[in-house]
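Residue strings, one per chain:
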Amino acid sequence: MTTQPTPTDPRTAVLHAATTDQTWDLLVIGGGASGLGTAVEAATRGYRVLLLESHDYAKGTSSRSTKLVHGGVRYLAQGNVSLVREALHERGLLKQNAPHLVHDLGFLIAAYKWWAAPFYGIGLKMYDLLAGKLNLKASRYVNKAQALERTPTLKKQALKGGILYFDGQFDDARLAVTLLRTLEDHGGVALNHAPVVGLIREGGKITGARFRDGETGQEHAVKARAVVNATGVFVDDVRRMENPSVKPMLSPSQGVHVVVDRRFLPGDSAIMVPRTDDGRVLFAVPWHDHVVIGTTDTPLPEASVEPRALPEEVEFILKTAAQYLDPAPTRADVRSVYAGLRPLVKAAEGTDTKSLSRDHVIRISDGGLITLTGGKWTTYRRMGEDTVNRAAAQAGLPERLSLTAGLKLHGAAAPDTHLADHWRVYGTDTARIQALPGADAPLHPELPYTEAEVRWAVRAEQARTVEDVLSRRLRALLLNARASIEAAPRVAAILAGELGRDAAWQEAQVRAYTELAGGYVLN
Ligand SMILES: Cc1cc2nc3c(=O)[nH]c(=O)nc-3n(C[C@H](O)[C@H](O)[C@H](O)COP(=O)(O)OP(=O)(O)OC[C@H]3O[C@@H](n4cnc5c(N)ncnc54)[C@H](O)[C@@H]3O)c2cc1C
C-alpha cells in the first residue's frame, strides 16, 4: 500500500524542497549523530545542504547508546589521552549548547578492595584535569556511608567507600530530533523514510544520488557538489554503490542494554563498574525515571537494521549487576532490552573489538565519496566540523569558519525543574506543545507521555509512523516495551487523524509496531 502526502501533510513541503532542481553544496546520506552533525555544521556555515535518511532520524545506533556525554574513562585507562581530552571538551560545549538535553550526573565507582579507591581516584583526577575549564564538578573520595546515601541499593558487604566523578547524561534520539530542528532553523533540508539506492557518477566523480521515497515508492535523483556517506554500520553498503569490490572498512560490534524500574537504583547517582569479568565497563544509569544497565561488546559478522540481544548478553548484564546491587533485577524485572551496533573501524586480522578505534575516521574515495564513521555521540559536532572542512576543500566551496562550538541548539533553555522530566527535552517548545489538544491526556498509565506530544511529533518533528513516535520522539519503547505496544493503537489513531489515513493504515501500523516492539520484550 502506498500513500501520497496531501497538500496539508508536513511531508509535502519537505519532499518538494528535497526534489527541486538544484545542485546542493552537500548531500548527506544518513540521519544519525554523524550525518545530522555534518548537516548542521554545513547549514550554519551557509552551505546548501540536503540530508536523506532511509528510515528515521536516529533509527540506527544513535538511539541505542548508554546515554552518556562523556570523555570515556575507559579510553583513559587505555592511554588514549588526546581522544579523552577532545571528548571532554565536546562534553562541555554540548552542555552549554543544549542544556535542555544534557545534565550532570554523579557516577560512583564502588570500592570493595582497599586499593580500589586510591587507584581509580588518581585516574579520575587526571580526567578532571583533561576537561580543563569546561570540567563539571571535581571527582572525590566518598566513605561507605556517603556511598550508600547516594546509591542505597549498593551491596553493603565489604564495601569500603568509593570514588564519585561527574559526566554528562542526555537523551540520544531527542538530541537527533533537536539537530534536525536546528538544521531546519538554518535553512537545511532533511527527509526521512528516503533510502539512497544508488550514486550518480559523471566523468568518474560522484555528483549526486538516487533515493526512493519510502511512502510512495517513487525514485528521485539529486545533484550535489559533495556527497557524505554517514550511514553508520552501513557505510560499506554505500561505498559498494560506487565500487562493488571495495574492501569493507567496518567490523560491527553489538552492545546491549536492559532497562529496569528506578527502584533498583533509587539514589541520585549512576554506578560505574570499571572492570567486569570479561574486562569491560558496565554502567547502571538513572534515565527518565528508569535505570539503563549495560553494555556488552559482541562482534557480529554483519549489520542489521534491528539487531537483537543474545540471551547470553542479557544474562551477563544481569549477573554483573547482581554483583553490585541488592536487590538485583531479574529477567522478570526487565522492561525493555535494546541492542545497538558500534561502527568500529577495522584493524588488522585477529584484533579484539574492545581495542579497536573509537575515534572517527574520514575516508575519501577516488570518485570523491566522503565516508565518515566511528567516533561517538559526544563528539558528533567535532566530527561534523572535520567532515565539512574536508568536503568544502574537495568541492571547492568558499571557505567559511565553523560556528557550531558556540551554537545554541533548537529549543535551548535552562531546564525548568518544575516540569516533569519528559517535558524538559523540548526546551522553549514546551509551552507550544502543552497548548495542543491532549496535553492532559496520558497515552498509557505506565508511560509519562501525553497525546499532545504525539501531535507535536507529527506536526513539527517529521514523525511518520507509530514507531517513529514511540521509539524516538517519545522513548516509550525503551522505557517499557510492553506498555508501548498497548499504547500503539491510540498513537496510530492520532497519526491517522493528523495525516488523513484510513483504518487499514492504522491496523498495518499497529501490526508492524507490535512485531518490532516484541523484540524489546524479554520473555
Ligand atoms: C551500545 C552502544 C553504546 C553507546 N553509548 C554511547 C554513549 O553513551 N555516549 C556516546 O557518546 N556514544 C555512545 N555510543 C556511540 C554512538 O552511539 C555512535 O557512535 C553514534 O550513534 C553513531 O552514529 P552514526 O550517525 O555514525 O550512525 P547511526 O546512528 O547508525 O546512523 C546511520 C544512519 O544512516 C541510515 N542509513 C543507512 N543506510 C542508508 C541509506 N542507504 N540511505 C539513507 N540512510 C541510510 C540509518 O538508517 C541510520 O539512521 C554507543 C554506541 C553503542 C553501540
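Residues numbered from 1 in each chain as written. Predicted model: local features only at pLDDT ≥ 70, side-chain atom pairs only at ≥ 80, totals over all residues. Heavy atoms only, no water.

- As recorded in an unreviewed UniProt entry, the protein chain goes by the name Glycerol-3-phosphate dehydrogenase, listed as coming from Deinococcus knuensis.
- You can read under Sequence similarities (unreviewed entry) in the UniProt record for the protein chain the words "Belongs to the FAD-dependent glycerol-3-phosphate dehydrogenase family."
- Note on the protein chain: under the UniProt heading Cofactor (unreviewed entry), the record states "FAD". (UniProt positions renumbered as here; feature names shortened; annotations may be inferred.)

**Concerning the nonpolar core**
Okay, so step 1: One finds Leu-26 and Leu-175 to be the most contacted residues of the largest nonpolar core, which totals 87 residues.
Okay, so step 2: Among the elements that make up this core, the one with the highest residue count is helix α16 (residues 481-499) (10 residues).
Okay, so step 3: Among residues more than four places away in sequence, those in contact with Leu-175 are Leu-94, Leu-101, Phe-170, Trp-377, Tyr-380 and Leu-409. (Core = buried A, V, L, I, M, F, W, Y, C linked by side-chain atoms within 4.5 Å. Buried < 20%, exposed > 50% of the residue type's maximum accessible area, 1.4 Å probe, protein only. Helix = DSSP H or I, 4+ residues; strand = E, 2+ residues; numbered from the N terminus. Contact = heavy atoms within 4.5 Å.)

**Brief notes about the site of the ligand**
Okay, so step 1: Neighbouring residues of the ligand: 37 residues in total, closest Ser-34, Glu-53, Ser-62, Leu-68 and Thr-378.
Okay, so step 2: One nitrogen or oxygen atom from the main chain of Thr-66 is found 3.0 Å from a nitrogen atom belonging to the ligand.
Okay, so step 3: Between a nitrogen atom of the ligand and a main-chain N or O atom of Leu-68, the distance comes to 2.6 Å.
Okay, so step 4: About the coverage of the ligand: the protein hides 94% of its 1,000 Å² of free accessible area.
Okay, so step 5: For the shell around the ligand, the secondary structure elements donating two or more residues are α2 (33-44), β11 (253-261) and β16 (336-342).
Okay, so step 6: Ranked by residues supplied to the shell around the ligand, first place goes to β16 with 3 residues.
Okay, so step 7: Per-class residue counts for the shell around the ligand are 10 nonpolar, 20 polar and 7 charged. (Near = heavy atom within 4 Å. Polar contact = N/O pair within 3.5 Å; in protein donor to acceptor, adjacent residues only side chain to side chain. Areas by Shrake-Rupley, 256 points an atom, 1.4 Å probe, with all protein chains shown as cover. Nonpolar A, V, L, I, M, F, W, Y, C, P; charged D, E, K, R; others polar.)

**Side note on the pattern of salt bridges**
Okay, so step 1: Tallied over the entire structure, the rule returns 41 salt bridges.
Okay, so step 2: For Arg-11, the salt bridge goes to Glu-215, with nearest N and O atoms at 3.8 Å. Of this pair, Arg-11 sits in helix α1 (residues 10-19) while Glu-215 sits in the loop between β9 (205-212) and β10 (219-229), placing them 204 residues apart in sequence.
Okay, so step 3: Residue Arg-11 is classed as buried on the basis of its relative accessible area, which comes to 4%.
Okay, so step 4: Judged by its relative accessible area of 11%, Glu-215 is buried.
Okay, so step 5: The partner of Glu-385 in a salt bridge is Arg-381, with the nearest N and O atoms 2.9 Å apart. Taken together, the residues Glu-385 and Arg-381, both in helix α10 (residues 380-395) and 4 residues apart, mark about one turn of the helix.
Okay, so step 6: Accessibility expressed as a relative area gives 8% for Arg-381, which makes it buried. (Salt bridge = Lys/Arg side-chain N within 4 Å of Asp/Glu carboxyl O.)

**Describing the packing of α2 against helix α7 (residues 172-185)**
Okay, so step 1: Across the interface, α2 lies against α7 with an axial gap of 9 Å and an inter-helix angle of 25°. By the angle between their directions, the pair α2 and α7 is classed as roughly parallel. For the pair α2 and α7, the sense of crossing is left-handed. On α7, the residues touching Leu-36, Ala-39, Val-40 and Ala-43 of α2 are Ala-176, Leu-179, Leu-180, Thr-182 and Leu-183.
Okay, so step 2: Of the residues belonging to the contact of α2 with α7, the class tally is 8 nonpolar, 1 polar and no charged. (Axes fitted to C-alpha atoms, helices over the stretch in contact; angles between N-to-C directions. Parallel < 35°, antiparallel > 145°, perpendicular 65-115°, else oblique. Left-handed = near helix turned anticlockwise from the far one by under 90°.)

**Topic: the environment of Ala-395**
Okay, so step 1: Inspection of the secondary structure puts Ala-395 in helix α10.
Okay, so step 2: When the C-alpha atoms of Ala-395 and Asp-289 are compared, they prove to be 47 Å apart, with 106 residues separating the residues in sequence.
Okay, so step 3: With sequence-adjacent residues up to four places away left out, Ala-395 is seen in contact with Arg-225 and Ala-226.

**A word on the environment of Val-197**
Okay, so step 1: Note on placement: Val-197 falls in strand β8 (residues 196-202).
Okay, so step 2: The spatial distance from the C-alpha of Val-197 to the C-alpha of Phe-211 is 5.3 Å, given a sequence separation of 14 residues.
Okay, so step 3: What Val-197 contacts, discounting residues up to four positions off in sequence, is Arg-210, Phe-211, Arg-212, Glu-219 and Met-241.

**Considering the environment of Lys-223**
Okay, so step 1: Mapping Lys-223 onto the fold places it in strand β10.
Okay, so step 2: Residue classification places Lys-223 among the partly exposed positions, given a relative accessible area of 38%.
Okay, so step 3: Looking at Lys-223, its side chain comes within polar contact range of the side chain of Asp-21, at 3.4 Å.

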